[in-house]
Amino acid sequence: MDHDTSPRPGARSHDRLDRFLAAPRRAVWTMAAPMMAGMAVHTLYMIADTAFIGTLGTEALAAATFVGPVFFLMVAMTMGLSTAVTALVAQAVGRRDADGADEVAGTAMSFGIAIGCAMAVLGLWSGPPLLALLGASGQNAVFAWQYSQIISLAVPLFFVSSIFRSVLTGEGDARTPMLVLFGSTVLNIVLDALFILVLELGLRGAALATGATVLASLSTFGFLILRRRTAYVRFRVANLAPSRPVLGRIVALAAPTAAGMAVMSVGGLLLNRLLAGFGEVAVAAYGAASKVDMIVALPIMGLAGAAVSVIGMFAGAGRVDLVRSTALYTYRWAVLLASLIGIAAFLGSTSILSLFTRDAQAISIGHTYLGFMILAYPMMAFGMTSGRLLQGIGHGVPSLMITSFRVLIVGVPLAYAVVLLAGAPIEAVWASLLAGGLCSTILSVWWVRKLVWRADPTARATRR
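Residues numbered from 1 in each chain as written. Predicted model: local features only at pLDDT ≥ 70, side-chain atom pairs only at ≥ 80, totals over all residues. Heavy atoms only, no water.

Enquirer: Any chance you could explain the overall build of the chain here in plain terms?
Expert: A count of helices and strands for the chain gives 15 helices and zero strands. Taking 464 residues into account, the globule formula puts the C-alpha radius of gyration at 23 Å, and the chain, at 22 Å, falls close to it. Projected onto its principal axes, the C-alpha coordinates of the chain cover approximately 65 × 50 × 35 Å. Each of the 464 residues in the chain was classed as buried or not, and the buried ones make up 53%. Across the chain, the fraction of contacts at a sequence separation of at least 24, relative to all contacts at a separation of at least 6, is 85%. For the chain, the accessible surface area stands at approximately 19,800 Å², while carbon and sulfur atoms represent 68% of it. A gap of 7 Å separates the mean positions of the 32 positive and 20 negative side-chain charges of the chain. (Helix = DSSP H or I, 4+ residues; strand = E, 2+ residues; numbered from the N terminus. Rg over C-alpha atoms; globule rule 2.2 N^0.38 Å. Buried < 20%, exposed > 50% of the residue type's maximum accessible area, 1.4 Å probe, protein only. Contact = heavy atoms within 4.5 Å. Areas by Shrake-Rupley, 256 points an atom, 1.4 Å probe, with all protein chains shown as cover. Lys, Arg positive; Asp, Glu negative; His and termini not counted. Charge placed at Lys NZ, Arg CZ, Asp CG, Glu CD.)

Enquirer: Just to check I follow, could you spell out the side chain of S184 for this structure?
Expert: On the secondary structure map, S184 appears in helix α6 (residues 175–198). Judged by its relative accessible area of 12%, S184 falls in the buried class. Discounting chain neighbours no more than four positions away, the residues touching S184 are T213 and S217.

Enquirer: In this structure, what is going on with helix α12 (residues 360–392)? I would like to understand it.
Expert: Helical periodicity: at 3.6 residues per turn, an α-helix aligns residues three or four positions apart in one direction. If you check α12, its first and last C-alpha atoms are 44 Å apart, about what 33 residues at 1.5 Å a residue would give, namely 48 Å. The largest bend in α12 amounts to roughly 45° and is located at I374, with the proline P378 lying one to four residues further along. Of the residues flanking the end of α12, it is G394, one or two places downstream, whose phi is positive at about 110°. (Expected span 1.5 Å × (residues − 1). Bend = angle between axes of the 7 residues up to and from the residue.)

Enquirer: Can you walk me through the pattern of salt bridges in this structure?
Expert: Oppositely charged side chains can form a pair if their charged atoms are brought close together. With the rule as written, the count across this model stands at three salt bridges. When the shortest N-O distance is used, the salt bridge between R96 and D18 registers 2.8 Å. Linking R96 in the loop between α3 (58–94) and α4 (98–133) with D18 in helix α1 (residues 15–22), this pair joins segments that are 78 residues apart in sequence. Assessed through its relative accessible area of 25%, R96 is described here as partly exposed. You can call D18 partly exposed: its relative accessible area is 35%. A salt bridge links D97 to R95; its shortest N-O distance comes to 3.1 Å. Classification of D97 as buried rests on a relative accessible area of 1%. For R95, a relative accessible area of 10% gives the class buried. (Salt bridge = Lys/Arg side-chain N within 4 Å of Asp/Glu carboxyl O.)

Enquirer: What's the story with the packing of helix α10 (residues 320–347) against α12 in this structure? I'm lost.
Expert: A pair of packed helices can be characterised by two numbers: the angle between their axes and the separation between those axes. Interhelical geometry of α10 versus α12 gives an angle of 165° and a closest axis separation of 9 Å. Taken together, the axes of α10 and α12 are roughly antiparallel relative to one another. Relative to α12, the crossing made by α10 is right-handed. Residue-level inspection shows A327, T330, Y331, A334, V335, A338, S339, G342, I343, A345 and F346 of α10 in contact with α12, the latter providing H367, L370, G371, I374, Y377, P378, A381, F382, T385, S386 and L389. Residue composition of the contact of α10 with α12, by class: 15 nonpolar, seven polar and no charged. (Axes fitted to C-alpha atoms, helices over the stretch in contact; angles between N-to-C directions. Parallel < 35°, antiparallel > 145°, perpendicular 65-115°, else oblique. Left-handed = near helix turned anticlockwise from the far one by under 90°. Nonpolar A, V, L, I, M, F, W, Y, C, P; charged D, E, K, R; others polar.)

Here's what the structure looks like:
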C-alpha cells in the first residue's frame with residue numbers, strides 16, 4: 001500500500017516517530033509526564049471553580065450540581081471522541097501516512113462540530129423541562145437555567161478544542177496540550193474571580209468564565225495547529241467532507257469510551273443510594289475517600305493515556321515487538337505506582353480524610369474503605385491500562401466491557417445482593433467492589449492475551 005512518506009515543507013517530518021521508535025520507554029514518559037501534570041491542573045480547576053460557585057451560596061451550588069449530569073454527558077462524548085482521534089492519528093503517524101492523518105482530523109472536526117451544535121440546540125430547546133426532570137425547582141431552576149444556557153452555547157467550542165488537543169496528542173505532543181490547559185486553568189480562575197466576586201454576575205458569571213476560557217483555549221490550539229510550520233497534521237477544507245470509513249472507525253472507538261464513562265457514573269449513583277441506607281455518614285465517608293481514589297488514579301490515567309498514543313504509533317508502524325514490550329513496561333509502572341500510592345494513602349488516611357470531613361466516624365469508615373482499596377488499586381491500574389492500550393491498537397469494546405464488569409455487572413450488583421438480601425455490613429460493599437475489580441482484571445488478561453499476544457496487534461492499525 002502506498003502512503004505519502006515525503007517530508008512536508010517546513011514540517012518536522014517523522015522525527016518524533018523515529019525518536020519514539022528508537023527509545024520506546026522514554027516515549028512512554030515523554031507522553032505520560034505532561035498528561036499527569038495536565039490532569040493535576042484540571043483537578044485544581046474543578047476545585048477552584050466549585051469553590052467560587054460556593055461563595056454564591058447553597059442555591060447556586062445546588063443549581064450547578066443539577067446541570068452536572070448534562071455537563072457530564074458532554075464530557076463523556078468529548079472524551080470518547082478525543083480517544084478515538086488520538087488513537088487513529090497516532091496509527092496514521094506510525095504508518096507514515098500524512099494524508100490518512102489529515103483525513104482523520106478533518107472527519108473528526110466535521111463530526112465533532114455536528115455533535116456539538118446538536119447538543120447546543122438540544123440544551124437550549126429542552127433546558128427548563130430537562131432541568132425539572134433532573135430535580136431542579138424554584139430558584140434553583142432559575143439559576144440552573146442561567147448557567148446551562150451559556151454552557152450550551154459553548155458546547156461546540158468544547159468539541160472543537162477537544163479535537164485539536166487530541167490531534168496534537170496523536171502526533172506525540174503531550175507537552176503543548178498540558179501548557180494550554182495550564183494557561184486556561186489560570187485564566188478560568190482569574191475570570192471566575194472577576195465575574196463572580198468583582199462584577200457580581202453570579203452563577204451566570206461562572207458560566208461566562210468557562211465559556212471565555214474554552215474560547216481562549218480553542219483559539220490557542222487553532223493557532224498552533226493551523227499556523228505553526230512544525231505541525232504534522234494539516235486541516236484542509238477538502239478533508240472536512242466526512243469519509244464514511246474513517247467516520248466508522250472513529251465511532252467504533254468513541255462510542256464505547258463514552259459509554260464506559262456513563263457506566264461509571266451510573267455505578268456511582270447506584271452505590272451512593274445503597275450507602276445511604278447506612279446513613280449520611282457512610283455517604284460522606286465514601287465521598288471523601290473517593291477523592292483519594294482520584295489522587296491514586298491520576299498517574300495511572302497519565303500512563304494509560306500515553307499508551308494510546310505511543311502504542312498506536314508502534315502499531316501503525318507494524319512493530320509487534322514494540323507494542324508488546326511497551327505494554328508490559330506500562331503495566332509494570334502502572335501497577336507499581338498504584339500499589340505504592342495506595343499504601344501511602346492508607347497509611348496517611350486519617351490525615352488525608354480529615355481534609356474533607358471532620359466526622360470521626362466518617363474518617364473511620366473511609367480508613368476501612370482504603371484498606372480494601374490497597375488490593376483494588378493495582379487491579380484498577382491493570383484494567384485501565386488494558387482498555388487504553390487496546391484502544392491504541394484499534395479495539396474500543398474491550399474497554400467498555402472491562403469497566404462494565406468492574407462496576408455494573410459484578411461490583412455494584414453484588415454489593416446490593418449482600419446488603420439487601422443478606423443484611424451484610426458496609427465492609428461487604430467494599431469487598432464487592434474488590435470482587436468486581438478482580439473479575440475485570442481476569443477479563444483484561446484474557447482480552448489482552450487474545451488481541452495482543454495471540455493475534456497480530458498491528459493488524460487494524462496498519463490498514464489505511
